[in-house]
Amino acid sequence: MTASCPICDGPVAAPHAPFCSPRCRDRDLLAWLGEGYRLPGPSIDTEALDRPENAD
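Now for a quick tour of the structure. (Residues numbered from 1 in each chain as written. Predicted model: local features only at pLDDT ≥ 70, side-chain atom pairs only at ≥ 80, totals over all residues. Heavy atoms only, no water.)

This next bit is on the overall build of the protein. Across its full length, the protein holds 2 helices and 0 strands. For 56 residues, the compact-globule formula gives about 10 Å, and the C-alpha radius of gyration of the protein, at 18 Å, lies well above that figure. Structurally, the protein occupies a C-alpha span of about 55 × 20 × 20 Å along its principal axes. Here the protein, with 56 residues, has 14% of them falling under the buried criterion. Within the protein, contacts between residues at least 6 apart in sequence are counted, and of these 3% link residues at least 24 apart. (Helix = DSSP H or I, 4+ residues; strand = E, 2+ residues; numbered from the N terminus. Rg over C-alpha atoms; globule rule 2.2 N^0.38 Å. Buried < 20%, exposed > 50% of the residue type's maximum accessible area, 1.4 Å probe, protein only. Contact = heavy atoms within 4.5 Å.)

Now the structure itself:
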């Protein structure tokens, strides 16, 4: 079984694994940087981060 690129389903190229090309690798990076992907977790109260009583 041959691995396929998670972006375009093309065959994986070793220098760019797990992607097929620099283009697909860069598209994946831009999705992470642009919040296209998110990890599940509890919401963060950003106002609580600014309060001095939470700093130790």
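Here the narrative resumes, following the displayed structure.
Before going further, it helps to examine the packing of aromatic side chains. In this structure the tally under the stated criterion is 1 aromatic pair. When the ring of W32 is compared with that of Y37, the centres are 4.9 Å apart and the planes differ by 65°; the resulting orientation is edge-to-face. (Phe/Tyr/Trp six-rings, centres within 6.5 Å; stacked < 30°, edge-to-face > 60°.)

In this model, A17 is joined to P18 through a cis peptide bond whose omega is 5°. In this fold, P18 is placed in the segment before α1 (22-33). In this structure, E35 is a non-glycine residue whose phi angle is positive, near 60°. Along the chain, E35 falls in the loop between α1 and α2 (46-49). Assessed through its relative accessible area of 55%, E35 is described here as exposed.

The next subject is the state of the cysteines. Covalent bonding between the sulfur atoms of two cysteines is what defines a disulfide. Counted under the stated rule, the structure contains 0 disulfides. Distance from the sulfur of C20, which forms no disulfide, to the nearest cysteine sulfur (C8) is 3.5 Å. You can see C24 has no disulfide; the closest cysteine sulfur is in C20, sitting 3.7 Å from it. (Disulfide = S-S within 2.5 Å.)

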